[in-house]
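Each chain is listed here by its residues.
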Amino acid sequence: MAVIPARGGSKGVPGKNLRRVAGRSLVERAVDACIAATAIDAVYVSTDDAGIAAAARAAGSEVVERPADLSGDTASSESALLHALDTLAAAGGDPEVVVFVQCTSPFIDPADLDEAVRRVTGGEADAVFAAVPTYEFLWRSGSDGQASGINHDAAYRPRRQDREPHFRETGAFYVMSVAGFRSARHRFFGRTQIVPVAELSAVEIDHDHDLVLASALAAALDPRVDVDVDVVITDFDGVHTDDSAIVNEDGYESVRVSRSDGLGIERLRKAGVPILILSKETNRVVRARAAKLGVEVLHGIEAKAEVVRDWLQRQGVDPARAAYLGNDINDLGPMREVGWPVAVANAHPEVRQAARLVLSRPGGSGAVRELCDLVLSRRAPATAGPGSTGSAAPPAGADGALATSGSR
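If you're wondering where the values come from, they're calculated on a predicted model, not measured in any experiment.

> Looking at this structure, how should I read the overall build of the protein chain?
For the protein chain, the count of helices and strands is 13 helices and 20 strands. Seen through its C-alpha atoms, the protein chain measures out along the principal axes to roughly 75 × 60 × 45 Å. In the protein chain, which comprises 408 residues, the proportion classed as buried is 48%. When the accessible surface of the protein chain is split by element, carbon and sulfur atoms take 49% of a total near 19,200 Å². The distance from the centre of the 44 positive side-chain charges to the centre of the 56 negative ones in the protein chain is 4 Å.

Written out as C-alpha cells, the structure is:
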C-alpha cells in the first residue's frame, strides 16, 4: 500500500503540493507513479487540505483525512504514516508493506518503486530507499571557519574511477515492512538497502526555482505523451503568429502565419476534430485567417476561461478530452479548463509550467501543425493521411504567409 503525505501548509513554496510541473500537480504526479507501479495494490493520500484531497481523488487515489495536530510544521512524516496505517487498519486494511512516497519528487519511476517493493516482499531487506550515487568530495566548515573533509582525506585525491560512490538520499520514496516500521517508528531499521535512481530525475521541490528546473526537465524525463482529444482550441496571437504585427502608415495591420499550420488544421478538420480560435483581440485579421482555415472563431474575448467552458458544454465535449494551445498569461485560465493544456515552445514561463505538453515549435513557426500532428497520431492511421510524421511539423521557413487586416 502506498501512502503519500501531502499537507496543505507548506511555507517554503505556498500551496506546493498543488503546484504544477508540465501541467500536472505534484500530488497528481505522485499518485500517477504509484498507480503505474505493478507491485502497489492501493494508493492513499494523507492530507488536511480539501483541494489536495480533491486532486488526489481525481487522480485515482483514496484519501485519509489527517487531523490538525499531525499537519503542522513540526509534525513528522512518520506520524502521518502511522496515522494512515491505524486508520486503514480500523477499516479492515492490513498491508504487509508500506510505500512512503513524497510529492516533492516529480519524476519517480514506477519501475524503481517495483524494485524496492520486490526487495522487501522477497525478504532481502526490511527497508529500502531511493538515492543517487555521488562521487563528490564533501566538506564541513567548523566553528573556527576552517574546512575539513567529510568523506575523504584532503591529502589524497583519487580519480573518480578509483573510488566507490557514496549515495545521496533523494527523499522520493521509502519502502518498509509494516511490522518493522510500527516497531521502530522511523523509516530506517533492520536490513536497510538503497535503490539507485537516475541522477537527472532526482529533483526535489523545495523552492520556486526547483519548479522552474523541473518544468524544463519534464520534456526529457516524462514518458512520451499521446494527445488523445476530441476538440482543439487555440489562442491566435503568439500561437498562429510570432506575436508581432506590421502596421503601415494608414493603420492597416498584417501578421505572419505559417502555411504548415494551415495544412495541419485542414487535415484535422477532415478527421472530424472541431477547432476553435479564441482571441482577446478584436481584429479583422483574426476573422480573415479563421475564415480561410474554415474554423470557428471567437474574438474580442476577455473572460476566456468562461467562454471555453460554455463552448465545450455546447459542443457536448468532456473538458478532459479538449486541448487548449496558448502562449501568454491570459491563457492560464482556459488552460485550467481542459484536460490537455498545451504551450508553444516560446511561451511565458508560467504558461510552460502549467502546460501538460510544451511543443518543440514556437508560435507562428509550425506550433499549431505540431499539435495537429500529435492529435492525428492518436487516431486511425488512415485518418492521419500520407506523409504524416505524427510529431514535429516541417519548418515554416519560406512558406510563411501574410494575413492582412483592413481595420485601423
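> Before we go on, may I ask you to explain the sheet that holds strand β6 (residues 97-101) in this structure?
Neighbouring strands of a sheet are bound in pairs by backbone hydrogen bonds; such pairs are parallel or else antiparallel. Strand order in the open sheet formed by seven strands is β5-β4-β1-β6-β10-β7-β11, with mixed pairing between adjacent strands. Each edge of the sheet is formed by a strand with only one pairing partner; in this case those strands are β5 (62-65) and β11 (192-196). Averaged over all adjacent pairs, the angle separating strand axes in this sheet is 30°, with direction ignored. Here two bridges tie strand β1 (residues 2-5) to β6, and the two strands are oriented parallel to one another. Among the inter-strand pairings, Ala2 is bridged to a residue of β6, identified as Val99. Where helix α2 (residues 50-59) meets the sheet, it contacts β4 (43-47) and β5, and its direction lies at approximately 170° from that of β4.

> I tried to follow the side chain of Glu204 on my own but got confused; where do I start?
Along the chain, Glu204 turns up in the loop between β11 and α6 (208-221). Here Glu204 is buried and forms no salt bridge, its nearest opposite-charge partner Arg168 lying at an N-O distance of 7.2 Å. Reaching out from Glu204, the side chain makes a polar contact with the side chain of Thr104 at a distance of 3.1 Å. The contact partners of Glu204, leaving out residues within four places of it in the chain, are Thr104, Ser105, Thr170, Gly171, Ala172 and Asp210.

> Looking at this structure, I do not really get helix α8 (residues 284-293). What am I missing?
Listed as buried for α8 are Val285, Val286, Arg289, Ala290 and Leu293. Around the axis of α8, the buried residues are gathered within 135° of arc, so they sit on the same side. Across α8 from its buried face, at more than 90 degrees, point the exposed residues Ala291 and Lys292. Positive backbone phi, approximately 75°, marks Gly294, located one or two places after α8.

> Mind showing me how you'd approach the packing of aromatic side chains here?
Note on aromatic pairs: each is described by the distance of the centres and the angle between the planes. Following the criterion strictly, the structure yields three aromatic pairs and no others. Geometrically, the ring pair formed by Phe100 and Tyr174 is stacked, given 5.2 Å between the ring centres and 25° between the ring planes. Of the two residues, Phe100 sits in strand β6 while Tyr174 sits in strand β10 (residues 166-177), which places them 74 residues apart along the sequence. Residue Phe100 is classed as buried on the basis of its relative accessible area of 0%. Using a relative accessible area of 2% as the deciding quantity, one classes Tyr174 as buried. Taking the centre distance of 5.9 Å and the plane angle of 80° together, the rings of Tyr174 and Phe188 count as edge-to-face. With Tyr174 in strand β10 and Phe188 in the loop between α5 (178-184) and β11, this pair connects stretches of sequence that are 14 residues apart. The exposure class of Phe188 is partly exposed, given its relative accessible area of 33%. Grouped by ring-pair contacts, the aromatic residues Phe100, Phe129, Tyr174 and Phe188 constitute a single cluster. In this structure, Arg157 is placed above the aromatic ring of Phe137, and the distance from its NZ or CZ to the ring centre is 4.0 Å.

What counts, and where the lines are drawn
Position numbers for residues count from 1 along each chain, tracking the sequence in the order it is written. Local features in this predicted model are restricted to residues of pLDDT 70 or higher, and side-chain atom pairs are both shown and tallied only at a pLDDT of 80 or more, whereas totals for entire chains, interfaces and linings draw on every residue. Side-chain measures were taken over the full set of non-hydrogen atoms in the model, leaving aside hydrogen atoms and water. Numbering of helices and strands starts at the N terminus; helices are DSSP runs of H or I of at least 4 residues and strands are runs of E of at least 2. For every residue, the accessible area (1.4 Å probe, protein chains only) is compared with the maximum for its type, and the residue is labelled buried under 20%, exposed over 50%, or partly exposed between those bounds. Accessible surface area values rest on a Shrake-Rupley calculation with a 1.4 Å probe, where residue burial reflects the displayed protein chains alone. Counted as positive: Lys and Arg. Counted as negative: Asp and Glu. His and the chain ends are not counted at all. A charge is said to be at NZ when it belongs to Lys, at CZ for Arg, at CG for Asp and at CD for Glu. Two strands qualify as a pair provided that DSSP identifies no fewer than 2 bridges between them. As a rule, the C-alpha atoms of each element are fitted with a line to give its axis, helices using only the stretch in contact, and angles between N-to-C directions run from 0 to 180 degrees. Whether two residues are in contact is decided by their heavy atoms: any pair within 4.5 Å suffices. Each salt bridge in this description consists of a side-chain nitrogen of Lys or Arg and a carboxyl oxygen of Asp or Glu lying within 4 Å of one another. The definition of a polar contact used here is a pair of N or O atoms within 3.5 Å, where within protein one atom must be able to donate a hydrogen and the other to accept one, and adjacent residues in sequence count solely through side-chain atom pairs. In this description, one arc is meant: the one made by directions from the helix axis to the C-beta atoms. Here is the rule: rings of Phe, Tyr and Trp (six-membered ring for Trp) pair when centre to centre is within 6.5 Å. Planes less than 30 degrees apart are stacked, more than 60 are edge-to-face, and the remainder are tilted. Consider the ring centre and the ring normal. A charge sits over the ring if Lys NZ or Arg CZ is within 6 Å of that centre and within 35 degrees of that normal.

Geometric values such as these leave the question of function open.
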